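Architecture and fold: a report
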Amino acid sequence: MSAVLDKPDVYLKLDPTDLLSRIRELPQQCRLAWEKGLRFPLPPEYRDIDKVVVLGMGGSAIGGDLLRCLALEQSPTPIFVQRDYTLPAFVDARTLIIASSYSGNTEETLSAFDQALAGPAMKLALTTGGQLKAKAEQKGVPVLGIAYKSEPRSALAHSFMPLLAICQRLGVLPDHSAAVDEMLREMDALSRELDREVPASGGNPAKQLAAKLHGHMALVYGAGFLADAARRWKTQLNENGKAWSFFEVLPELDHNSV
C-alpha cells in the first residue's frame, strides 16, 4: 500500500479537487487569516461581553470547537458552539454571536442567526457571501469576509484563526501572537515532511499512517484541549477519505467505550 501512495497518477485519479494543495497551503492561509482577524474593525462595545456563541455546522463549526477548547483552559469567558436551528436560551445583551458559514447558506446557521437578529446580542458574521452576508449587511452587522476558494472542510484556517485573533483583541483570550508564530514555523516544517513528494520509505508519516489505516475503521481518541482535534480527524476521514470513522474523548471513554 505504501508504494501505491508514491505514484503521482494515484493523486490525479483520487484527488480531483487537489486537496493536497490545500493542505500544502495551510500554513500560508493561517498567516493570512490571522492577520485579517487582527485588522478587522470591531465596534468598541464588543469588548463588553461575558460569553461567546459560535453558530455553525460541519467544517464551518470546527473553528469554534478549537476556540472553545482553548477557552476552557485559558479564559473565564465561556465559548459555546451551537450546531442547531435555535439559539441557546441564555443568549442576552452581553453575548457575542458569531455566525460562521463558509457558503453563507447553511440553513441551521441562518435560522439561529435570524433569531439573533431579533434579540439584543452583539453579532458578527464569518462567510464568503450568500444569505448570511446579505442578512448581516442589511442589519449593520460586521461581516468578516472569507476570500479563500475551497470546500468548506478545507477552509479551517479561515474558520479558526480570525476567531482566535478577534477573541484575543476583545480580551476573551490572552495574547497568542508568540504561540501563533511558533505554530506557523512548525506547520511549515510539517508541510515539507508530509509532502506527497516524500516517499513512504523516506519516512513520510502521513503515507505510513494511511497504509496502516487502509482497510480498517479509525477510532480517534482525544483529551483536554485536543478533544476537538480528535473530532476534526474523524470528520476529515469521513469527508476526504469517504470512510467511516468515530471519535471518543478521555476520560469519559474510560467509563463506557473501554
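Scroll up to find the structure.
First things first, this report covers the structure right here in the doc. All residue numbers refer to positions counted from 1 along the written sequence of the respective chain. Only residues with pLDDT of 70 or above have their local features reported here, since the model is predicted, and side-chain atom pairs are shown and tallied only from 80 upward, although totals for entire chains, interfaces and linings are computed over all residues. Each side-chain value is derived from all of the structure's non-hydrogen atoms; neither hydrogens nor water enter the calculation.

Right, let's get into the nonpolar core. Core analysis: the biggest nonpolar cluster contains 40 residues, and Leu96 and Leu164 have the highest contact counts within it. Listed by contribution, the elements that provide at least two residues to this core are helix H2 (19-39), strand E1 (51-55), helix H3 (62-74), strand E3 (95-101), strand E4 (122-127), helix H6 (156-169) and helix H7 (177-193). Among the elements that take part in this core, H6 stands out by supplying nine residues, more than any other. The contact criterion used is simple: two residues touch if any of their non-hydrogen atoms lie within 4.5 Å. Setting aside its immediate chain neighbours within four residues, Leu164 contacts Trp34, Leu67, Leu70, Leu173, His176 and Val180. Among buried residues, the Ala, Val, Leu, Ile, Met, Phe, Trp, Tyr and Cys ones that are joined through side-chain atoms within 4.5 Å form a nonpolar core. Using a 1.4 Å probe on the protein chains alone, a residue whose accessible area is under 20% of its type maximum counts as buried, one over 50% counts as exposed, and one in between counts as partly exposed. Of all hydrophobic cores here, the second largest spans 16 residues; its members include Leu87, Phe113, Ala125 and Leu132. Under the DSSP-based scheme used, a helix requires at least four consecutive residues in state H or I and a strand at least two consecutive residues in state E, with every element numbered from the N terminus.

Axes, fitted as lines to C-alpha atoms, cover a helix only where it is in contact. Angles between the N-to-C directions of the axes lie from 0 to 180 degrees. Relative to each other, H3 and helix H9 (residues 227-239) sit at 160°, their axes nearing to 8 Å. By the angle class used here, H3 and H9 are roughly antiparallel. The crossing of H3 and H9 is left-handed. Across the interface between the two elements, Ile62, Asp65, Leu66, Arg68 and Cys69 from H3 touch Asp228, Ala229, Arg231 and Arg232 from H9. For the contact of H3 with H9, the per-class residue count stands at four nonpolar, no polar and five charged. For classification purposes, an angle smaller than 35 degrees is called roughly parallel, one larger than 145 roughly antiparallel, one from 65 to 115 roughly perpendicular, and anything else oblique. Two helices cross in a left-handed way if the nearer one is turned anticlockwise from the farther one by less than a right angle. They cross in a right-handed way if the turn is clockwise. Nonpolar residues are Ala, Val, Leu, Ile, Met, Phe, Trp, Tyr, Cys and Pro. Charged residues are Asp, Glu, Lys and Arg, and all others, Gly as well, are polar.

Relative to the assigned elements, Gln115 resides in helix H4 (residues 107-117). Using a relative accessible area of 33% as the deciding quantity, one classes Gln115 as partly exposed. Through-space distance from the C-alpha of Gln115 to that of Cys167 is 23 Å; in sequence the pair is 52 residues apart. Contact partners of Gln115, with chain neighbours within four places excluded, come to Tyr85, Thr86 and Leu87. Residues adjacent in sequence count toward polar contacts only when both atoms are side-chain atoms; beyond that, a polar contact is any pair of N or O atoms within 3.5 Å, and within protein one must be able to donate a hydrogen and the other to accept it. Engagement of the side chain of Gln115 in a polar contact is seen with the backbone oxygen of Tyr85, the distance being 2.8 Å.

The strand order E2-E1-E3-E4-E5 describes an open sheet built from five strands, whose pairing is parallel. Strand pairing shows two members of the sheet lacking a second neighbour, strand E2 (79-82) and strand E5 (143-145), which therefore form its edges. Strand-to-strand, the axes of this sheet are offset by a mean angle of 20°, without reference to chain direction. The criterion for strand pairing is that DSSP finds at least two bridges linking the strands in question. Bridge count between E4 and E5: three bridges; the pairing is parallel. Bridge pairing links Thr127 to Gly145 in E5. With respect to the sheet, H6 is in contact with E1, E2, E3, E4 and E5, its orientation differing from that of E4 by roughly 150°.

Here we take up the packing of aromatic side chains. Each aromatic ring pair is described using two quantities: the centre-to-centre distance and the angle formed by the ring planes. A pair of aromatic rings is counted whenever rings of Phe, Tyr or Trp (Trp by its six-membered ring) have centres within 6.5 Å, and the orientation is called stacked for planes under 30 degrees apart, edge-to-face for over 60 and tilted otherwise. On inspection of all chains with the given rule, the structure shows two aromatic pairs. Taken together, a centroid distance of 4.6 Å and an interplanar angle of 45° make the contact between Phe80 and Phe90 tilted. Taken together, the residues Phe80 in strand E2 and Phe90 in the loop between E2 and E3 connect sequence positions ten residues apart. Its relative accessible area of 34% is what places Phe90 among the partly exposed residues. Only lysine NZ and arginine CZ atoms are considered, and such an atom sits over a ring when it is within 6 Å of the ring centre and within 35 degrees of the ring normal. Over the aromatic face of Tyr11 sits the side chain of Arg196, whose NZ or CZ is 5.7 Å from the ring centroid.

With respect to the helices and strands, the residue Glu182 is situated in helix H7. For the pair Glu182 and Lys234, spaced 52 residues apart in the sequence, the C-alpha separation amounts to 26 Å.

By the bridge criterion, four bridges tie E1 to E2 in an arrangement that is parallel. Residue Val52 lies in a different strand from E2, and its bridge partner there is Ile79.

Attention now goes to a nonpolar patch on the surface. Patch rule: a residue counts if its relative accessible area is over 30% and it has no salt bridge; like charges are joined within 9 Å, and nonpolar side chains (Val, Leu, Ile, Met, Phe, Trp, Tyr) within 5 Å. The Shrake-Rupley method, run with a 1.4 Å probe, gives the accessible areas here. Residue values count only the displayed protein chains as cover. Any carboxyl oxygen of Asp or Glu that lies within 4 Å of a side-chain nitrogen of Lys or Arg is treated as forming a salt bridge with it. Judged by side-chain polarity, Met217, Leu219, Tyr221, Trp244, Phe246, Leu250 and Val258 come together as a nonpolar surface patch covering roughly 800 Å² of accessible area. Where the nonpolar patch is concerned, the elements lending two or more residues are strand E6 (218-223) and strand E7 (245-250). Positionally, Val258 belongs in the segment after E7.

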